[in-house]
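Each chain, written out:
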Amino acid sequence: MPSTIQGYLSLCNKELQHPNNNSVMEYLRDRFLTEDYIDSFGIGYSPCEWSITNEDKMFSKFFDEFPRTKRNLTKRLVFPIKNYKGDLSGFITRTIGDPKFYRKFLFYPHIPFYNMYGINENLGHIEESKSVFVVESIFDLVAVYPWVKNCVALLGTAFLDSQMSVLKRFSDHVYLGFNNDFDSPHQAGNEATKYAKKRLKKFGFRVTHVKLPERINDFSDLRSEMEDLGDFLGNYF
């Protein structure tokens, strides 16, 4: 991974900590991200106007190397993605809030399909327990993280052979926690869960479905609804 990307991610992390971005930090706290989590996972922020002005050469170098990204890296959270070996694969950006007219997630520069968010940071917990809790999104992982650390976010529901091969190196039991997606046609989340369970079992995993309550879409919503999400998760882990 080019050093320019690593440098850019470091600057995004510094930018997030700047007092000018207190509102962004407040948004992250509302989404259950603690300062320890932000530091451990290297989360950053790419604003309209940078508060860090003494790093212009690094910004220029990054955008010269990836010119098409500049227009799309405005007012977005930045999440580094590492593979299980700890190598930086790229990063994901996410909008603040849930705008209707912009793509919520963007991937840079190109993240191999076998990568999963949290696989490097949580690998020790996965190896120790010989099990892994697989959720859909970054904020699903964030929601359960205080109670379940042997967790990865699939960044979708398409469970690929390459991803299962990586998980099989370190675990033999998958706890599957896809979203309900009750507002989507044909209950897409339920269909994805059935398909993933079938494929995981063929791959030799024991599979436990961590089923969300009805009318709750994802684990972030569930944490907002419950006084203690740990009580719910304790039924499985």
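Residues numbered from 1 in each chain as written. Predicted model: local features only at pLDDT ≥ 70, side-chain atom pairs only at ≥ 80, totals over all residues. Heavy atoms only, no water.

S.K.: So what exactly am I meant to see when it comes to the sheet that holds strand β2 (residues 76-82) here?
M.R.: The strands making up a sheet associate through hydrogen bonds between their backbones, and the pairing can be parallel or antiparallel. Across the sheet, 4 strands lie side by side as β1-β2-β3-β4; this open sheet has antiparallel pairing. Each edge of the open sheet is held by one strand with a lone partner, namely β1 (44-46) and β4 (105-108). Going across the sheet, the axis of each strand differs from the next one's by a mean of 30°, ignoring polarity. Across the sheet, helix α1 (residues 3-17) touches β1, β2 and β3 (88-95), and the angle it forms with β1 is around 95°. In the packing of helix α2 (residues 22-30) onto the sheet, contacts are made with β1, β2 and β3, and the angle to β2 comes to roughly 60°. (Pairing = 2+ DSSP bridges. Helix = DSSP H or I, 4+ residues; strand = E, 2+ residues; numbered from the N terminus. Axes fitted to C-alpha atoms, helices over the stretch in contact; angles between N-to-C directions. Contact = heavy atoms within 4.5 Å.)

S.K.: Sorry, what's going on with the pairing of β2 here?
M.R.: For β2, a buried count of 6 out of 7 residues is recorded, marking the element as mostly surrounded by other parts of the structure. Where β1 lies against β2, 3 bridges are found, and the strand directions are antiparallel. Note that in β2 the partner of S46 across the bridge is R76. Two elements, β2 and β3, share 7 bridges in a ladder whose sense is antiparallel. Bridging from a neighbouring strand, P80 pairs with F91 of β3. Linking two consecutive strands that pair antiparallel, namely β2 and β3, is a turn of 5 residues; a positive phi of about 95° is found at G86 within it. (Buried < 20%, exposed > 50% of the residue type's maximum accessible area, 1.4 Å probe, protein only.)

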